[in-house]
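# A closer look at the structure
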Protein chains: 2
Amino acid sequence: MASSLRSLLPRSSNSLLTRQLPAKCLAQRRSYATPNLQAPDASDAKLKAIDLSQLQTTKTTTPKDLIPHDQLIFGRTFTDHMLSLEWTAGEGWLAPHITPYQNLSLDPATCVLHYAFEAFEGMKAYKDKSGQVRLFRPDKNMARLNKSSARIALPTFDGDTFIELLKEFCRVEERFIPSLYIRPNIIGTQRTLGVGPPGSALLYVIASPVGPYYPTGFKAISLEATTYAVRAWPGGVGASKLGANYAPCIVPQMQAAQRGFHQNLWLFEDVDGATGRKEDFVTEVGTMNLFACVVGRDGRKELMTAPLDGTILEGVVRDSILALARERLVPEGWKVSERRFTMREIAEAADEGRLMEVFGSGTAAVVAPVRSIGWKGRLIGCGLPEDREVGEVTKRMKDWIEGIQYGEEEHPWSVKI
Amino acid sequence: MASSLRSLLPRSSNSLLTRQLPAKCLAQRRSYATPNLQAPDASDAKLKAIDLSQLQTTKTTTPKDLIPHDQLIFGRTFTDHMLSLEWTAGEGWLAPHITPYQNLSLDPATCVLHYAFEAFEGMKAYKDKSGQVRLFRPDKNMARLNKSSARIALPTFDGDTFIELLKEFCRVEERFIPSLYIRPNIIGTQRTLGVGPPGSALLYVIASPVGPYYPTGFKAISLEATTYAVRAWPGGVGASKLGANYAPCIVPQMQAAQRGFHQNLWLFEDVDGATGRKEDFVTEVGTMNLFACVVGRDGRKELMTAPLDGTILEGVVRDSILALARERLVPEGWKVSERRFTMREIAEAADEGRLMEVFGSGTAAVVAPVRSIGWKGRLIGCGLPEDREVGEVTKRMKDWIEGIQYGEEEHPWSVKI
């Protein structure tokens, strides 16, 4: 079919068909609630899957000095090695390599540099008291990276096999861990300017040793609700961890910072079905998901976060918090909700003394307590007394999750390497 | 102010303040109609502007063979050289270089590869009958690149100076021209994973010799209206020429191609103020702007295209078509409109025999005639008789614009190098 289509295209046009389209891609119906829109899958049966047995490791001859744990800055220094795998549309996944950390040599026409063919993940490795290195829910990161990659016509891969490669990479870099931020990244490497699905890609992993996020204890942050720019839209790509979602967010964050806030809060203006009024729905904060703890007018405590409607990044920590809340807070009488909620609702809860606490969630910080939100000229206090930096639920969530991450609590989410 | 803000940030956080924020960034009011959102400007008086006199040129010792004009494929082969300029937040623009075309050496943590700090332009150089090389409205491309760049916290530059560099680059590459596609691209080059404004960038230009877009005459294309994904939205970055706007568009284009259409047509679903009904507003086609010629129910001919509301790329050819239409079609009785219009309006005009022609516009093709649009299960004929590949207005626009581009008509838009 692709070849007959190709003959329909005007010569010299930017062909969209630089690679064969398999027949299994079906027509989609109008549904903005479907964040799973995928490329015709590149993981053709003819193409090679990732082959663990082909891994080639070349160790560095100039190992780096370790930086003291308390002097580490997030993402600024990297370990000795990197893991990389090339993919081509003709062959599939080529042999994986662990090599010394080194520059990539890219043709200036490479499509990642022009059209943002790039998707990434953020993960961490932790060393427990017995010296065992652990990953946290790596299957979730693999599933999300595959979904992100497919959404922009980059290849997918077998997540379990890739986790085995990650484990080997962590073994090689073990001396950098008590905790290590791991960054898998996939980029399109086709060297032509026609806008189409990349015929080649590079999946690589680098890692940055990280210190404690809050070395001197929690510091609650202030947020500015952004009312002049919108991060994501139904039918867009806001649910995927694409490079494309990040650069456009910097200016609003800088503007929030300039007005004295730590981060910006992303809203989505929409009609509230219940009232027919336009409202500012709360979505995400900076690069984190957002949770609010509110006492309802019925006196019941509710932990809420925005639903996965395609405009919210599907955070692994978000998912973990929801699961832990359902397991451990619901028996205490809490209601746990994935639902749309508005700034008006937050402001009213604050006015009536019902806003208990607000926090962000993400891989880097696990949780980030929020002191206040600036919205439409007012500053909403989020329930923290002036002399406290963290609320009770926020603190408990961090303790629970870090307990699992560092193996203090044995849990299926923590995967030993 | 920035330093006092910095002290408020939690240690080890992803600082958003890696570079000094000047005081001139003012608060913005809620206005999704403002596509001009800019970064705190990096072109600080302390920083160096581009200095033309510092240009260093190193010619290749291995010039490429010229490919016959009719065998050229868009964006597949490149000229002998590239132009490049580095920028740093501390110094500003460093000396420009013309060097042999060569790979970039990028740290795998470089921010363009993770967060899509990238913006580009598409321009063309043409040789007229007397052998004079010309650019078409390069000031428009410079203005747009600066706007795109500022929107994602990349540096801006003096457009006139950069045009002088482009001219010099074209002189060096003159042997590749009767027509040359020129690709300025700017990328963030900071080598850290913290999400913040890049502290360094690279602005570079590569060029691809191109043949005629329609070597055997016009070929009208078919479009599939995409109803399951959205390209751009109010408050987003759809008006800027960012890499971030391209990768997410590939899958819908592949799906349209698989169903036998040449390209997809982007819609924006919104309430029509006049009727209160939800409608599919027409925005852009693939990587082009879209125009429709309709006879109104009052018998008056109207050339229409979507307005610059922040969801439409501000095409240079789009702007040129509007200007020429106002100058040359309005005296013939045409109405020329930048206004929102719906698929329903197009379908009704087609049903009533009032749809005259539809065409896309962009730098590569200038104009692309549209034969039909698939929308909600029906195929709308766009006014072209079966035995014709182009409508009259489309053809006249191409002739007018190419006449100016190739210097057959002297016009201020055509800039001699």
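What comes next concerns the included structure.

Conventions used here
Residues numbered from 1 in each chain as written. Chains lettered and ligands numbered in written order. Predicted model: local features only at pLDDT ≥ 70, side-chain atom pairs only at ≥ 80, totals over all residues. Heavy atoms only, no water. 1 Å grid on protein atoms, 1.4 Å probe; cavity = no way out; pocket = protein on both sides within 12 Å on 5 of 7 lines; lining within 4 Å. Points joined across faces, edges and corners; volume = space filled by probe spheres on them. Helix = DSSP H or I, 4+ residues; strand = E, 2+ residues; numbered from the N terminus. Nonpolar A, V, L, I, M, F, W, Y, C, P; charged D, E, K, R; others polar. Core = buried A, V, L, I, M, F, W, Y, C linked by side-chain atoms within 4.5 Å. Buried < 20%, exposed > 50% of the residue type's maximum accessible area, 1.4 Å probe, protein only. Contact = heavy atoms within 4.5 Å. Expected span 1.5 Å × (residues − 1). Phe/Tyr/Trp six-rings, centres within 6.5 Å; stacked < 30°, edge-to-face > 60°. Lys NZ or Arg CZ within 6 Å of the ring centre and 35° of its normal.

Turning to the layout of surface pockets, a few remarks are in order. Think of a ball as big as a water molecule: rolled over the atoms, this probe shows where empty space is left. Put simply, the largest pocket is a space of about 670 Å³. In terms of lining, the largest pocket is formed by 26 residues, of which the most central are Trp233(A), Asp270(A), Phe268(B), Glu269(B) and Asp270(B). Breaking the lining of the largest pocket down by element, the ones donating at least two residues are β12 (263-271) of chain A together with β12 (263-271) and β13 (278-285) of chain B. Grouping the constituent residues of the lining of the largest pocket by class yields 16 nonpolar, 2 polar and 8 charged.

This part covers the nonpolar core. Proteins that are soluble and globular tend to have nonpolar side chains buried together. Counting residues in each nonpolar core, the largest one holds 129 residues, and the members touching the most others are Leu113(A), Phe162(A), Ile182(A), Leu113(B), Phe162(B) and Ile182(B). With sequence-adjacent residues up to four places away left out, Leu113(B) is seen in contact with Leu104(A), Leu106(A), Val112(A), Leu113(A), Glu118(A), Asn185(A), Ile187(A), Tyr204(A), Asp107(B) and Pro108(B).

Moving on, we come to helix α3 (residues 138-151) of chain B. Residues and elements named next belong to chain B. If you check α3, its first and last C-alpha atoms are 20 Å apart, about what 14 residues at 1.5 Å a residue would give, namely 20 Å. Burial analysis of α3 places 10 of its 14 residues in the buried class, which makes it a mostly covered element. Looking only at α3, the buried set comprises Pro 138, Asn 141, Met 142, Arg 144, Leu 145, Asn 146, Ser 148, Ser 149, Ala 150 and Arg 151. Phi turns positive, to about 65°, at Ala 153, one or two residues after α3.

Given two aromatic rings, their pairing is described by the distance between the two centres and the angle made by the two planes. Scanning all chains against the criterion turns up 27 aromatic pairs over all chains. Consider the rings of Phe291(A) and Phe359(A), whose centres lie 5.2 Å apart with planes at 10°: the pair is stacked. You can see Phe291(A) sitting in strand β14 (residues 288-295) and its partner Phe359(A) sitting in strand β17 (residues 355-362), a full 68 residues away along the chain. Phe359(A) shares its class with Phe291(A); the two are buried. Grouping aromatic residues by their ring pairs yields a cluster made of Trp233(A), Phe268(A), Trp233(B) and Phe268(B). Taking NZ or CZ as reference, Lys64(B) lies 4.7 Å from the ring centre of Tyr101(B), over its face.

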